[in-house]
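Residue-level structural notes
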Amino acid sequence: MNLAFVLRKYRSRGYTLEQSLAELADNSITHNAKNIWTYMYWSDDQGKDSFIMVIDDGDGMNRNELLDKALNIPDEEHIDGGENDHSVYGLGLKAGSFNHCTSITVITKKNELIKKTLNLKDGVTDRMPSCTKHKFVKKHLEDLQLKKSGTIVLWSDLDNLNKLRASERGPNFYEDCDKSKKHFKLIYHRYLLENKINLFFNGTEEVNKTRKFDPFYKDNPHTIILPGSEISFFKGGVTKIKPYIIPIDVTNENLGKTRNELQGLYFLRKNRVIDYGGWFSLGDKNADKFWGISERFNRLRIEVEIPIETSRDWITDSKNQVNIPDYAKNKIRKCLIQVRKDYIEKINLINSEENEPINETQKKKNELIRIIRSKILSNEDLFKIEASIEELNE
């Protein structure tokens, strides 16, 4: 098999730069990294000797892991390695990287230091790219030699990035860095909130560190948690759906997207957001059109856990997009129709309370109406209805 020829086929997988960098971060997390540093360097107007470098302090790789998996097409199905294993198909590093460059160099240490380059001309080689002579890169290579373990991934010959630049190539390049930082802030938000990883961009200082952020504002006293669901499928696995109404005063979240764009579904797999925003071509049953992005629902955000057992049914091979499988659509649609109804009722109730005084009797009536409208009544709901009727008749 001509490896370089096969890998050239991965050059049009549709990865954005931030998605490709996330593939590298996924690998770092899989190898138990606590800190991940991303550096982007633009050398001159043409960007000839520019590079992107991702460094971690994880376990590193041995020769077999590097040559047979990281820098090769796996000849076996990926075996899940636990809660921090974010690989699905074993293609992320190659497919993501070659969307932007023609050469990937990996320097890794696990007992011994190993250096290999995979490029689209020669395949795997011991030849190092010219950017490894840059004093900044040399310093990090020297630092890795002194450490117990870790990995450096270096992209060089950034041809697809270079050709897309206009006269202001350098500034545009660093804007991409900022986009990547915002992307990481959201997709790894659970890891950041739980202090499991630190993410740095173009530096090691506190100012370079990605800030913690919760898109669902779970610790905010003004966040409203709506009733969720747990859905099982005949093909295996369980999907948990957890809806939140975020506070009304949320304005600039510094994610490069509007609040309208951030409404809807957030699909997570192993604490990592795979895809988010919008309603993923869902709509009311037998309706001719899908739910669209609207002001009306811009405070509704919904966590959806992807079943680990059937991940491949949900995630594309580029691992940055979710396609809800046909066997799951009806169950999820039914659940979301109820969630959207609950949301409208809650928002209307909040608005009415803010616009006019409401007495305790009216509050009880509103709560009773909400419970009765629910399609599934629990024993607790039935007790509430009975108690409410008695109180209203007194």
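Refer to the structure printed above.
The structure contained in this document is the topic of the report that follows. Being a predicted model, the structure only gives us computed values, none of them experimental.

**Some remarks on the overall build of the chain**
Per the secondary structure count, the chain includes 12 helices and 13 strands. For the chain, the residues scored as buried account for 50% of the 394 residues in total. Across the chain, the fraction of contacts at a sequence separation of at least 24, relative to all contacts at a separation of at least 6, is 68%. Of the roughly 20300 Å² that the chain leaves accessible, carbon and sulfur atoms contribute 48%.

**A short note on the packing of aromatic side chains**
Applying the stated rule across the entire model yields 17 aromatic pairs. Here the aromatic rings of Phe 216 and Tyr 266 are separated by 5.2 Å at their centres, their planes lie at 70°, and the arrangement is edge-to-face. Separated by 50 residues along the polypeptide, Phe 216 in the loop between strand 7 (198–201) and strand 8 (224–225) and Tyr 266 in strand 11 (residues 264–269) bring together distant segments of the chain. The pair formed by Phe 216 and Tyr 266 is uniform in burial state, with each residue classed as buried. Ring geometry for Trp 279 versus Trp 291: centroids 5.8 Å apart, planes at 80°, classification edge-to-face. Here Trp 279, found in the loop between strand 12 (272–276) and strand 13 (300–305), pairs with Trp 291, found in the loop between strand 12 and strand 13; they are 12 residues apart in sequence, far enough to count as distant.

**A look at the sheet that holds strand 1 (residues 35–41)**
Read across the open sheet, the seven strands follow the order 5-4-3-6-2-1-7; overall the sheet is mixed. Each edge of the open sheet carries a strand with a single partner, namely strand 5 (123–125) and strand 7. Averaged over all neighbouring strand pairs, the angle between strand axes comes to 15°, with direction disregarded. Here eight bridges tie strand 3 (residues 103–110) to strand 6 (residues 149–156), and the two strands are oriented antiparallel to one another. In the sheet register, Thr 108 faces strand 6, and the bridge partner there is Thr 151.

**What to know about the side chain of Thr 125**
On the secondary structure map, Thr 125 appears in strand 5. Engagement of the side chain of Thr 125 in a polar contact is seen with the backbone nitrogen of Arg 127, the distance being 3.1 Å. If near-sequence neighbours (up to four positions away) are discounted, Thr 125 is found in contact with Lys 116, Thr 117 and Asn 119.

**Section: helix 5 (residues 135–146)**
The end-to-end C-alpha distance of helix 5, which contains 12 residues, comes to 17 Å, matching closely the 16 Å that a straight helix rising 1.5 Å per residue would cover. By the burial criterion, the buried members of helix 5 are Val 137, His 140, Leu 141 and Leu 144. Angular distribution of buried residues about the axis of helix 5 spans 105°; they occupy a single face of the element. Along helix 5, exposed side chains directed more than 90 degrees from the buried face belong to Lys 135 and Leu 146. Considering only its buried residues, helix 5 is in contact with strand 1, strand 2 (51–56), strand 3, strand 4 (112–119) and strand 6.

**Examining the environment of His 189**
Here His 189 shows up in helix 8 (residues 189–193). In the structure, His 189 is positioned 23 residues away from Lys 212 in sequence and 6.6 Å away in space, judged by C-alpha atoms. Those residues within four positions of His 189 in sequence are excluded, and the remaining contacts are Phe 184, Phe 213, Asp 214, Pro 215, Phe 216, Leu 268 and Val 273.

**Some details on the state of the cysteines**
Under the counting rule described, the total for this entry stands at zero disulfides. Free of any disulfide, Cys 101 has its nearest neighbouring cysteine sulfur in Cys 131, separated by 10.0 Å. The exposure class assigned to Cys 101 is buried, which follows from its relative accessible area of 0%.

**Focus on the nonpolar core**
Grouped together as the largest cluster of nonpolar side chains are 52 residues, with contacts concentrated most on Leu 21, Ile 52, Ile 104, Trp 155, Phe 184 and Tyr 188. Residue contacts for Phe 184: discarding those within four places in its chain leaves Glu 18, Leu 21, Ala 22, Ala 25, His 189, Leu 192, Leu 199 and Phe 201.

**Examining the pairing of strand 3**
Among the eight residues that make up strand 3, seven are buried, leaving the element largely enclosed by the rest of the structure. Of the strand pairs in this sheet, strand 3 and strand 4 are connected by eight bridges, and their pairing is antiparallel. Directly across from Val 106, in strand 4, lies its bridge partner Lys 116. As consecutive antiparallel partners, strand 3 and strand 4 are separated by one residue, and within that stretch Asn 111 has a phi angle of approximately 80°, a positive value.

Cut-offs used in this document
- Residues numbered from 1 in each chain as written.
- Predicted model: local features only at pLDDT ≥ 70, side-chain atom pairs only at ≥ 80, totals over all residues.
- Heavy atoms only, no water.
- Helix = DSSP H or I, 4+ residues; strand = E, 2+ residues; numbered from the N terminus.
- Buried < 20%, exposed > 50% of the residue type's maximum accessible area, 1.4 Å probe, protein only.
- Contact = heavy atoms within 4.5 Å.
- Areas by Shrake-Rupley, 256 points an atom, 1.4 Å probe, with all protein chains shown as cover.
- Phe/Tyr/Trp six-rings, centres within 6.5 Å; stacked < 30°, edge-to-face > 60°.
- Pairing = 2+ DSSP bridges.
- Axes fitted to C-alpha atoms, helices over the stretch in contact; angles between N-to-C directions.
- Polar contact = N/O pair within 3.5 Å; in protein donor to acceptor, adjacent residues only side chain to side chain.
- Expected span 1.5 Å × (residues − 1).
- Arc of directions from axis to C-beta.
- Disulfide = S-S within 2.5 Å.
- Core = buried A, V, L, I, M, F, W, Y, C linked by side-chain atoms within 4.5 Å.

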